[in-house]
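So the chains spell out like this:
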Amino acid sequence: MLEISNLTHTYGSGPSAHNALGGIDLNVSEGELVCIVGPSGCGKSTLLRSIAGLLRPTGGQVVLNGAPVAQTPDDLAVVFQDYSRSLFPWMSVADNISLPLRRKGEGRKQRARSAMEALEQVGLAGAADKYPWELSGGMQQRVSIARALAYRPALMLMDEPFGSVDAQTREDLEDLTLRVRGHHNMTILLITHDIDESVYVGDRVVVLSKAPARIVGDLRVDLPGPRDQINTREHPDFVRLRAEVGRLVRGMRTSPASAS
Amino acid sequence: MKHSAPASPKSSGTSPGGSPSGLRGVARAVSRLWLVPVALVLWEIGTRAADTPYFPSPTTIAVKMREMWLNGPASRLWLSDLALENFPPSLARLFAGWALAGVAGIVLGVMLGRSVLLARFVDPLVHFGRAIPPPMLLPLLIPLMSIGTQMQLTTIVFGVIWPVLLNTVDGARYVDRQHMETARVFGLSWGQRLWRVILPSSTPKIFAGLRLSLSLALILMVISELVGSTNGIGFQLRAAERAFDPPALWGAIVVLGLLGYVLNLAFFAIERRVLSWHRAAKQTT
Ligand SMILES: Nc1ncnc2c1ncn2[C@@H]1O[C@H](COP(=O)(O)OP(=O)(O)OP(=O)(O)O)[C@@H](O)[C@H]1O
Ligand SMILES: [Mg+2]
């Protein structure tokens, strides 16, 4: 579905230029949930913005369903890292979620119902008529997740989507992501700096190096059965993968047994 | 609190606790308005001492105003024929000019703010036009349009469009990047971007422009009536000057001052409602 080849990006030019992406090659097939981890400031958001067509990379290309991404592709949703600034403060929470749904041909009633449903999923059924600035940071983040969920895109890009919520809610949202992906066959790219989370949620974990970002590891996560916050996390495979990813993020060599 | 209780004996009936909020409201109004009577008294004393016909005392002015404008029947709020002949046309000019300028300023402003190409060509024109003092247009317009409503409206619109235009350009140009990106990602249509993102995001700026324009519109209304008009407050002002009637002249000035004050107050009330999200959002971040 998504083919990224030799993607590079440099911010600015001259002596102050910053090379953020140093040649990324990545293929994602339909329905896959790929987690991207990497040190802070390495270029994760830059990668995501080039996939979303919000940034024209200085080199390489992104191909989505056979067509190179130049403009923002259709049927895409993004949960921005800077969630608070991506909600419109002049609209109620429900309006924020239902505004994009008009494009999907949903009528007014249907849009309201979809928005309510998405809000219930993220545990904010009571906040529909509130305004974004009346909510805490974590609640705003959940609203922006709800907006993306209600939109039901073919490709969903999530940039550290669970960064501002408490541990319990975070686990609920992780499970919600897994469920939604299963129901609607979405392809999801999820950026996180939480190693445990990447292994728990992902079908694959892609590890980026420090800037300029390159892929230093691409691990398939094969965990048995439906995932479960308690049991999955104590499974030996989970523990092994977590250690693996941790080493990669810290820039250590992987043990030869698990190179993919 | 006890010593101030006798100041408002009525409030004790409504709330048994001595109604501190009611008292505070009264105190706030007093603290805000006490200067008005003081100024009036000083004005009265000053004009009586000076005793020149050019500066009539406030009481003289008030008597004159009542005589001119407030001797009608109670059924029409005591307004005299003279008042009804002159106030409504002035207000109509003021609001029509302001509204036209507002709509034109917002439409043009959004276009200039969102189109880099258009802005590059039109910006110099805008700054040229803005630099022309609108009263200077009057002598130019008189041969073009014959004295009358058309000319007055043109003067007002030309004079007050700039704050709205420039503020709207600013507001539309600097919509939060993240908001525009969100609109792009979620495939908002052209109309949705305009009505649901760009315009709401620019309203704080647009309102700042509209408010400036409103006070300018009042000034330009008077100026346009001074030259080419047969009715209106400005016309009366001019007539009083010609007839060497200082109290009437001052009466017109007082009416304009009151009008400006009331308009500003009304505008502020509307702005508070429309921009409640803006005030609240700014407070929390
Ligand atoms: N618009 C920009 N102009 C110049 N440099 C930028 C710009 N945006 C990002 N950068 C730089 O590019 C690098 C990568 O930024 P990016 O936001 O992609 O990192 P990230 O991996 O998402 O970090 P984090 O985990 O903190 O979100 C950073 O060093 C940043 O300073
Ligand atoms: Mg980032």
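Computed from a predicted model, the values in this text were never measured in an experiment.

Engineer: Give me the overall build of chain A: which residues, what numbers.
Structural biologist: When helices and strands are counted, chain A shows nine helices and 10 strands. Rg of the C-alpha trace for chain A: 18 Å, near the compact-globule value of 18 Å for 260 residues, within the 12% margin. When contacts within chain A are restricted to residue pairs at least 6 apart in sequence, those whose partners lie at least 24 apart make up 67%. For chain A, the accessible surface area stands at approximately 11300 Å², while carbon and sulfur atoms represent 47% of it. The positive charge centre, built from 29 side chains, and the negative charge centre, built from 30, are 5 Å apart in chain A.

Engineer: Describe the coordination of the magnesium ion (ligand 2), and please don't skip the residues or the numbers.
Structural biologist: Ideal geometry at a metal gives 109.5 degrees between four tetrahedral donors and either 90 or 180 degrees between six octahedral ones. Residue and element names in this part refer to chain A. Looking at the metal site, the magnesium ion (ligand 2) is ligated by S45 (OG) and Q81 (OE1), spaced 1.9 to 2.2 Å from it. Here the residue S45 occupies a position in helix α1 (residues 44–51), and Q81 occupies one in the loop between β6 (76–79) and α2 (83–86), the gap between them amounting to 36 residues. The class of S45 is partly exposed, set by a relative accessible area of 22%. For Q81, a relative accessible area of 38% corresponds to the partly exposed category.

Engineer: Which residues make up the site of ligand 1, and what values go with them?
Structural biologist: Residue and element names in this part refer to chain A. All residues adjacent to ligand 1 are Y11, H18, S40, G41, C42, G43, K44, S45, T46, Q81 and E160. At 3.5 Å, a side-chain N or O of Y11 approaches a nitrogen atom of ligand 1. Here G41 contributes a backbone N or O atom positioned 2.9 Å from an oxygen atom of ligand 1. Here ligand 1, which alone exposes 630 Å², has 62% of that area covered by the protein. Take the shell around ligand 1: its biggest share by element is three residues, from α1. The residue makeup of the shell around ligand 1, split by class, is two nonpolar, seven polar and two charged.

Engineer: Requested: an account of the packing of helix α5 (residues 81–114) of chain B against helix α12 (residues 246–274) of chain B, with residues and values cited.
Structural biologist: Residues and elements named next belong to chain B. It is at 13 Å that the axes of α5 and α12 come closest, and there the two elements cross at 45 degrees. When the axes of α5 and α12 are compared, the pair comes out oblique. Here α5 runs over α12; the crossing is right-handed. For the pair formed by α5 and α12, the contact residues are F87, L91, L94, F95 and W98 on the first element and V255, L259, L263 and F267 on the second. Looking at the contact of α5 with α12 residue by residue, the class counts come to nine nonpolar, no polar and no charged.

Engineer: Mind laying out the interface of chain B and chain A, listing which residues take part and the relevant values?
Structural biologist: On the chain A side, the residues contacting the 21 residues of chain B number 25 residues. When the buried area of chain B at its contact with chain A is split by residue, V185, F186 and R196 of chain B rank highest and sum to 31% of it. Applying the counting criterion to the chain B and chain A interface returns two salt bridges. Close ionic contact of R49 of chain A with E181 of chain B constitutes a salt bridge, the shortest N to O distance being 2.9 Å. Of all the secondary structure elements, the ones that give two or more residues to the side of chain B that touches chain A are α9 (177–185), α10 (190–227) and α13 (276–284) of chain B. Per-element accounting of the side of chain B that touches chain A gives the leading share, seven residues, to α9 of chain B. When its residues are assigned to classes, the side of chain B that touches chain A shows eight nonpolar, eight polar and five charged.

Engineer: Quick rundown of the sheet that holds strand β7 (residues 155–159) of chain A? Include the residues and the values.
Structural biologist: All names here are of chain A. Strand order in this open sheet of six strands is β6-β7-β8-β3-β9-β10, and the pairing throughout is mixed. Each edge of the sheet is formed by a strand with only one pairing partner; in this case those strands are β6 and β10 (215–220). Ignoring strand direction, the axes of neighbouring strands in this sheet form an average angle of 15 degrees. Where strand β3 (residues 33–37) lies against strand β9 (residues 204–208), four bridges are found, and the strand directions are parallel. Across the sheet, V37 pairs through a bridge with V207, a residue of β9. Running over the sheet, helix α5 (residues 137–151) touches β6 and β7 and is turned about 170 degrees from β6. In the packing of helix α6 (residues 167–184) onto the sheet, contacts are made with β3, β7 and β8 (187–192), and the angle to β8 comes to roughly 160 degrees.

Engineer: Describe the pairing of β3 of chain A, with residues and values.
Structural biologist: All names here are of chain A. Within β3, five of the five residues are buried, which leaves the element mostly enclosed by the surrounding structure. Examined bridge by bridge, β3 and β8 share five bridges and lie parallel to one another. Residue V34 lies in a different strand from β8, and its bridge partner there is L189.

Criteria and thresholds
Residues numbered from 1 in each chain as written. Chains lettered and ligands numbered in written order. Predicted model: local features only at pLDDT ≥ 70, side-chain atom pairs only at ≥ 80, totals over all residues. Heavy atoms only, no water. Helix = DSSP H or I, 4+ residues; strand = E, 2+ residues; numbered from the N terminus. Rg over C-alpha atoms; globule rule 2.2 N^0.38 Å. Contact = heavy atoms within 4.5 Å. Areas by Shrake-Rupley, 256 points an atom, 1.4 Å probe, with all protein chains shown as cover. Lys, Arg positive; Asp, Glu negative; His and termini not counted. Charge placed at Lys NZ, Arg CZ, Asp CG, Glu CD. Donors = N, O, S within 2.8 Å, 3.2 Å for Na, K, Ca; no water. Buried < 20%, exposed > 50% of the residue type's maximum accessible area, 1.4 Å probe, protein only. Near = heavy atom within 4 Å. Polar contact = N/O pair within 3.5 Å; in protein donor to acceptor, adjacent residues only side chain to side chain. Nonpolar A, V, L, I, M, F, W, Y, C, P; charged D, E, K, R; others polar. Axes fitted to C-alpha atoms, helices over the stretch in contact; angles between N-to-C directions. Parallel < 35°, antiparallel > 145°, perpendicular 65-115°, else oblique. Left-handed = near helix turned anticlockwise from the far one by under 90°. Buried area = accessible area lost by both parts, 1.4 Å probe. Salt bridge = Lys/Arg side-chain N within 4 Å of Asp/Glu carboxyl O. Pairing = 2+ DSSP bridges.

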